2 protein chains.
Amino acid sequence: MTIKTLEDLFHETVKDIYYAEKKLVKTLPKMAKQAKSPQLKKAIQSHLTETGHQVERLEKVFASIDKKPVAKKCEAIEGLLKEADEVMAEIEDARTIDAAIISSAQTVEHYEIARYTTLICWAQELGLDDAAQLLQATLDEEIAADQSLGHLAEDYVNQKAAA
Amino acid sequence: MTIKTLEDLFHETVKDIYYAEKKLVKTLPKMAKQAKSPQLKKAIQSHLTETGHQVERLEKVFASIDKKPVAKKCEAIEGLLKEADEVMAEIEDARTIDAAIISSAQTVEHYEIARYTTLICWAQELGLDDAAQLLQATLDEEIAADQSLGHLAEDYVNQKAAA
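Read on for an overview of the structure. Keep in mind the model is a prediction, meaning the values are calculated, not measured.

About the thresholds
- Residues numbered from 1 in each chain as written.
- Chains lettered and ligands numbered in written order.
- Predicted model: local features only at pLDDT ≥ 70, side-chain atom pairs only at ≥ 80, totals over all residues.
- Heavy atoms only, no water.
- Contact = heavy atoms within 4.5 Å.
- Salt bridge = Lys/Arg side-chain N within 4 Å of Asp/Glu carboxyl O.
- Polar contact = N/O pair within 3.5 Å; in protein donor to acceptor, adjacent residues only side chain to side chain.
- Helix = DSSP H or I, 4+ residues; strand = E, 2+ residues; numbered from the N terminus.
- Least-squares fit on C-alpha atoms with pLDDT ≥ 70 in both.

In this section: the interface of chain A and chain B. Contacts between chain A and chain B engage 45 residues on the former and 44 residues on the latter. The interface formed by chain A and chain B contains eight salt bridges. Glu83 of chain A is paired through a salt bridge with Arg115 of chain B; the nearest N and O atoms lie 2.8 Å apart. The tally of links from chain A across to chain B stands at 20 residue pairs in polar contact (both at pLDDT 80 or more). Of all the secondary-structure elements, those providing two or more residues to the side of chain A that touches chain B are α1 (6-34), α3 (75-89), α4 (94-125) and α5 (129-162) of chain A. With 16 residues, α4 of chain A is the largest single contributor of residues to the side of chain A that touches chain B.

In the superposition of chain A on chain B (RMSD 0.0 Å, axial shift 0.0 Å), the rotation amounts to 180 degrees. Within this description, the copies of the chain are treated as partners about a two-fold rotation axis. Scanning chain A for the C-alpha nearest the rotation axis identifies Gly79 of chain A, at a separation of 2.2 Å. Mapped onto chain B, 98% of the interface residues of chain A are again interface residues, and the two copies thus contact each other with one and the same surface.

For Ala132 of chain A, the position within the fold is in helix α5. Spatially, the C-alpha atom of Ala132 of chain A lies 33 Å from that of Ala100 of chain A, the residues being 32 residues apart in sequence.

Laid out in structure tokens, this is it:
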């Protein structure tokens, strides 16, 4: 039993999302390479830059609670990315590949939205105002990234309808 | 290569979320049992009933595209639930257990929100109006479930602040 308080749970969950963000820094370039449309490639590359900043922001969150930045294997992101890989391996059509990438990326964004929303709630309860502010900045970016992906998915639909 | 068109991708993704919903029908009773607060137990039990209806709705989606209901292992839900189990195993404090359950349940809701949002988008593109309507009914329930969990998380904060 390593989690005795909400503060411990907060710390463990920051380690979890730190692992996830670092994993994404490695994975997003691969996704951008697989994407066929220039708009989707650009959206992923731009979110990669943002993700790098989110990693640094999490390092500031660790510092704000006097902890060293440590990543703890995040089974959720492993499962989400394994699923994304499995689907990609079965697709041959270029346009379907982009639809699948957008879909997988949105499951990742939603995982992060859920995690950051919870972490902000706990940070507020624990009076960790600096951490709450840092996490809010990232949450805002994740929500915007999800919305951008949603627009790309809709464009895809409209394009097809117009074709 | 089994996915050649968006219709194939839609079908594969319905199989994926069908697996996830069926898995949740088995997992939610365990989560309800682990929950300490009566409100959280009740919320999970009520979502279990809803999840049963969502499984039936997915069977109607399969029927609407002339396919048999088949579940395909969903690595994402496996990862999300594995992570939830691992965290639970490390907690001893009752109030922290409830915070962790709410948090894990919200990651599951967000996975489902992402999946159903995508499926509705694709169903519309493919002219699958019946499927789109069925999936929309479930998406509305998932969003409401996530909001209820969010309120429980906030109540938890306020309760603690008042204590």
